[in-house]
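Listed here are the chains, written in short residue letters.
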Amino acid sequence: MDELFREHILEHYQHPRCKGTLESPDLSFEDANPLCGDRIRMDFKLADGKLAEIRFSGHGCSISQAAASMLCEHVEGMSLDEIKKLGRDDMLEMLGIHLGPVRLKCALLALKTLKAGIYGVNQWPGEDEEEA
Amino acid sequence: MTDSRTGLAGAAESSVAPRAPFDPARVREDFPIFATPRDKKLLYLDSAATSQKPQVVLDAMDRYYRTCNANIHRGVYRIAEEATELYEDARRRFAKFIHAASPREVIFTRNSTEAINLVAYAWGRASLKSGDAIVLTPMEHHSNLVPWHILAAERGVELRFIPMTDTGELEVSALPGLLADGRAKLVSFVHVSNVLGTVNPAAEIARIAHEHGATVLLDASQSAAHMPLDVRALGADFVACTAHKMLGPTGIGMLWGRRELLEAMPPFLGGGEMIREVHLTSSKWNELPWKFEAGTMAIAEAVGLGAAIAYLETLGMDAVFAHDRELSAYALERLAEVPGLRVLGPSADKRGGVVAFTMEGVHPHDVATVLDSEGICVRAGHHCAMPLHDAMGIPASARASFHCYSLREEVDALAEGLHRARKIFAR
Ligand SMILES: Cc1ncc(COP(=O)(O)O)c(C=O)c1O
């Protein structure tokens, strides 16, 4: 458990980066995890093939909200090509914790929202790998 | 005999043979899961989701498979007769347990959800037409909402809701108004809320519904194995139950219905066993209850249910209910000591063994994760009652719930775990 509530997760949960909304975003997307009611909305501004600005809002458990904060901080300024390559393992590495199947969805909601918002790929990260 | 608020028949003056005083620590010894070695002691506070199973239930199912596994109602050979006898014996036991007039009024289903769907499809489609209304409550489990959503959309039926107070009690005084125009044909509601723990005044609601010509469905999923249940004293027309919350196995549920209603209803599913005669283009239905039991049923599970009921009877339902209430009252007391904790639902005297809560600044999932690290199992989420959580203005809650094997020390561990969760997040 102390595992799950490591310092950096609590820190991001209580002091989230990139939290808020954008005035006139180029794209927005909102998604929820129906199992537990975690909800994340993301606003994006794009420029020169890059994700110039990103803001998230929503509510949920510490894992889902910390993941959103870490992910947004990580991808702001990145090229869209680089973002496309981000996968489940990148997100789990950022969190640095081991998660069971239920909490895994909490951890991946932000990445799912990001990819659906930018590429319209609306599926759980890693779903293909599971099936393969 | 019957408390008109809760419909607890004979709760005060039970006349059963004297039993050993109820001792949850001894009861617990009958449940092998608690003796299974593990690195942390199992503190199971999620019996509202599903109950644990006593050894006698496991033994009964095992014995059935080992000694007389055969399909029922078909073979004339010895073990098929034995299997049929066990299956029908479970039906008789359950019928008696809920004070049904006859075992013919008890239909086996997969669970409560299927029992409610059976009523929605077979009775609802034959009885409701455009312009009719159904009265529900905001504290229903999704299983007593979604089947009516489907029917309402299909038939143009209006859904109405009995209002609820902030403490999670139904405002029954508003019910006559909801029924006054005579359009409501059904009042369907939960006996004990799986989130708030509220014990609804079932007999009073049924009486008012009947005065206005409406049929009554009671969702007894959370009450059947927690308190004495007398379906006739309550005045219900249909009652839905699910065995896995009653110390029995998953995969079997029960619908009780008044015989005249069941007789008049068309079948739900078509197939083997539910027919008397089949021709190439038509068929005639079997008699009750088999008319509603299409295909091979959950035979071993029925046997397990029979054993679970026999076990509950030896505990005594008055004693089980008293134990639930005592633990709830104790939990409300201990949880009141935790800063920032909001307990949902009414005072202890109006609830069963369910206590849901939220903690300021800590998501219910995180609460449950902290508790899990201490071996405490609680549920976090919306507990299949999203509209109820919307009504209370919260996305989710955490819930502790009890059964006959639950202990005060589990409540103590819960309270300590909550203090700990608070500390972790109060940085
Ligand atoms: C009040 C209530 N109704 C219905 C159900 C549905 O039971 P089942 O899933 O066994 O059909 C539940 C169980 O979660 C419940 O608590």
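Residue indices follow the written sequence of each chain, beginning from 1 at its first position. Whichever chain is written first becomes A and whichever ligand is written first becomes 1, with later ones labelled in order. A pLDDT threshold of at least 70 governs which residues receive local features in this predicted model, and a stricter bar of 80 or more applies before side-chain atom pairs are shown or counted, although totals over entire chains, interfaces and linings include all residues. Based on all heavy atoms of the structure, the side-chain values leave hydrogens and waters out of the count.

S.K.: Pulling in residues and values, what's your account of the overall build of chain A?
M.R.: For chain A, the helix and strand inventory stands at six helices and three strands. Along chain A, helices and strands appear, N-terminal first, in the series α-β-β-β-α-α-α-α-α. It is over C-alpha atoms that the radius of gyration is taken, and the globule rule equals 2.2 Å times the number of residues to the power 0.38. The C-alpha atoms of chain A give a radius of gyration of 14 Å, which matches the 14 Å a tight globule of 132 residues would have. Taking the principal axes of the C-alpha coordinates as reference, chain A spans close to 40 × 40 × 25 Å. Whether two residues are in contact is decided by their heavy atoms, any of which lying within 4.5 Å being enough. Looking at chain A alone, contacts between residues at least 24 apart form 59% of all its contacts between residues at least 6 apart. For chain A, the accessible surface area stands at approximately 6,200 Å², while carbon and sulfur atoms represent 48% of it. When charges are tallied, Lys and Arg are placed among the positive residues and Asp and Glu among the negative ones, while His and the ends of the chain are skipped. A single reference atom marks each charge: NZ on Lys, CZ on Arg, CG on Asp, CD on Glu. For chain A, the distance from the average position of its 15 positive side-chain charges to the average position of its 24 negative side-chain charges is 3 Å. Secondary structure follows DSSP: runs of H or I at least 4 residues long count as helices, runs of E at least 2 residues long count as strands, and numbering of each begins at the N terminus. Shrake-Rupley sampling with a 1.4 Å probe provides the accessible areas, and residues are treated as covered by the protein chains on show and by no other component.

S.K.: Describe in detail the site of the ligand, supporting the description with residues and values.
M.R.: Residue and element names in this part refer to chain B. With respect to spatial proximity, 13 residues lie near the ligand, and among them T113, D219, Q222, T242 and K245 are the closest. Here a polar contact means two N or O atoms within 3.5 Å. Within protein one must be a hydrogen donor candidate and the other an acceptor candidate, and residues neighboring in sequence count only if both atoms are side-chain atoms. Taking T242, its side chain carries an N or O atom lying 2.7 Å from an oxygen atom of the ligand. H244 places a polar side-chain atom, nitrogen or oxygen, 2.7 Å from an oxygen atom of the ligand. The nearness test applies per residue and asks whether one of its heavy atoms lies within 4 Å of the molecule or strand.

S.K.: Go over the pattern of salt bridges, please, and point to the residues and values.
M.R.: Residue and element names in this part refer to chain B. By definition, a salt bridge exists where a carboxyl oxygen of Asp or Glu is found within 4 Å of a side-chain nitrogen of Lys or Arg. For the structure shown, the criterion picks out 37 salt bridges over all chains. For D181, the salt bridge is made with R183, and the minimal N-O distance between the two is 3.6 Å. The shortest N-O distance in the salt bridge between R420 and E374 comes to 2.2 Å. Linking R420 in helix α14 (residues 408-425) with E374 in the loop between α12 (364-372) and β13 (376-377), this pair joins segments that are 46 residues apart in sequence.

S.K.: Tell me about the nonpolar core, residues and numbers included.
M.R.: Among the buried residues, those of types Ala, Val, Leu, Ile, Met, Phe, Trp, Tyr and Cys that are joined through side-chain atoms within 4.5 Å form a nonpolar core. The classification of residues rests on relative accessible area computed with a 1.4 Å probe and restricted to protein chains. Under 20% of the type maximum is buried, over 50% is exposed, and intermediate values are partly exposed. Residues F94(B), F108(B), M246(B) and M254(B) are the most contacted members of the largest nonpolar core, which totals 85 residues. The element that contributes the greatest number of residues to this core is helix α10 (residues 299-315) of chain B, accounting for 11 residues. The next biggest cluster of nonpolar side chains, apart from the first, holds 37 residues, and it includes C18(A), L51(A), A66(A) and L114(A).

S.K.: Account for the pairing of strand β8 (residues 253-257) of chain B, with residues named and values stated.
M.R.: Residues and elements named next belong to chain B. In terms of burial, β8 is largely enclosed, as five of its five residues are buried. Residues G253, L255 and G257 of β8 are buried on one face, and the alternating residues M254 and W256, pointing to the opposite face, are buried as well. Two strands pair under a simple rule: DSSP has to find at least two bridges between them. Judged from the four bridges that link them, strand β2 (residues 106-109) and β8 form a sheet pairing that is antiparallel. Of the residues in β8, the one forming a bridge with V106 is W256. Across five bridges, the pairing between strand β7 (residues 238-242) and β8 is antiparallel. Looking at β8, one finds that V239 is bridged to W256.

S.K.: I'd like a description of the interface of chain A and chain B, backed by residues and values.
M.R.: The interface of chain A with chain B comprises 20 residues on the first partner and 15 residues on the second. For the pair chain A and chain B, the two sides together bury roughly 1,400 Å², of which 56% comes from carbon and sulfur. The partner of R103(A) in a salt bridge is D366(B), with the nearest N and O atoms 3.0 Å apart. Scanning the region where chain A abuts chain B turns up five residue pairs in polar contact (both at pLDDT 80 or more). Secondary structure elements with two or more residues in the side of chain A that touches chain B: α1 (7-14), α2 (62-75) and α5 (101-119) of chain A. The biggest single contributor to the side of chain A that touches chain B is α1(A), with five residues. The term buried area refers to how much accessible surface (probe radius 1.4 Å) is lost by two components on association, counted for both of them together.

S.K.: Would you mind going over the packing of helix α11 (residues 317-335) of chain B against α14(B) in detail, with residue names and values included?
M.R.: All names here are of chain B. Every axis corresponds to a line fitted to the C-alpha atoms, with the helix fit spanning only the stretch in contact, and the corresponding angles, defined between N-to-C directions, vary from 0 to 180 degrees. For the pair α11 and α14, interaxial distance at closest approach is 10 Å and the crossing angle is 25°. Considering the angle they form, α11 stands roughly parallel to α14. Relative to α14, α11 is oriented so that their crossing is right-handed. Touching E326, L327, Y330, A331, R334 and L335 of α11 are R408, V411, D412, L414, A415 and L418, all from α14. In this count, Pro and Cys sit with the nonpolar residues alongside Ala, Val, Leu, Ile, Met, Phe, Trp and Tyr, while Asp, Glu, Lys and Arg are called charged and the others, Gly among them, polar. Along the lines of polarity and charge, the residues of the contact of α11 with α14 split into eight nonpolar, no polar and four charged. Just so you know how the angles are binned, under 35 degrees is roughly parallel, over 145 roughly antiparallel, 65 to 115 roughly perpendicular, and the rest oblique. Here a crossing is taken to be left-handed if its near helix is turned anticlockwise relative to the far helix by less than a right angle, and right-handed if that turn runs clockwise.

S.K.: With reference to specific residues and values, describe the sheet that holds strand β12 (residues 354-359) of chain B.
M.R.: Residues and elements named next belong to chain B. Taking strand neighbours across the sheet as the criterion, the four strands line up as β11-β12-β15-β14 in an open arrangement whose pairing is antiparallel. Where the open sheet ends on each side, the last strands, each with one partner, are β11 (341-343) and β14 (379-381). Here the strands of the sheet are splayed against their neighbours by 30° on average, with no regard to which way each runs. As paired strands, β14 and strand β15 (residues 397-401) are joined by three bridges and run antiparallel to one another. Within β15, the position partnered with G381 by the bridge is S397. Sheet strands touched by α11: β11 and β12. Its angle to β12, the strand with the most contacts, is close to 15°. Lying over the sheet, α14 contacts β11, β12 and β15, oriented at roughly 10° with respect to β12.

S.K.: Got a sec to walk through the pairing of strand β2 (residues 38-47) of chain A? Specific residues and values, please.
M.R.: All names here are of chain A. Pairing of strand β1 (residues 27-33) with β2, which is carried by seven bridges, proceeds in the antiparallel orientation. Bridge pairing in β2 places F29 opposite M42. Between β1 and β2, which pair antiparallel one after the other, the connecting turn spans four residues, and G37 there sits at a positive phi close to 80°. Examined bridge by bridge, β2 and strand β3 (residues 50-59) share nine bridges and lie antiparallel to one another. Within β3, the residue paired with R39 across the bridge is H59. Where β2 folds back onto β3 in an antiparallel hairpin, the turn is made up of two residues, including D48, whose phi is positive at roughly 50°.

S.K.: So, the packing of aromatic side chains: which residues are in play, and what are the values?
M.R.: Centres within 6.5 Å are what make two rings of Phe, Tyr or Trp a pair, Trp counting through its six-membered ring; a difference in plane orientation under 30 degrees is then read as stacked, over 60 as edge-to-face, and the rest as tilted. If you walk through the whole model with that rule in mind, you get nine aromatic pairs over all chains. Between Y13(A) and F425(B), the ring centres sit 5.9 Å apart and the planes meet at 90°, which makes this aromatic pair edge-to-face. Here the residue Y13(A) occupies a position in helix α1, and F425(B) occupies one in helix α14, the pair thus bridging two chains. As far as the burial class goes, Y13(A) and F425(B) line up, both buried. Considering the side-chain rings of Y121(B) and F268(B), the 5.9 Å spacing of their centres and the 40° angle between planes classify their relative orientation as tilted.

S.K.: Outline unusual backbone geometry, listing residues and values.
M.R.: Cis rather than trans, the peptide bond between L288(B) and P289(B) has omega equal to -5°. When you line up the elements, P289(B) lands in the loop between β10 (283-285) and α10. Its identity as a non-glycine residue notwithstanding, D48(A) has a phi of 50°, on the positive side. On the secondary structure map, D48(A) appears in the loop between β2 and β3. For C384(B), which is not glycine, the phi dihedral falls at a positive 55°. Among the structural elements, C384(B) can be located in the loop between β14 and α13 (386-392).

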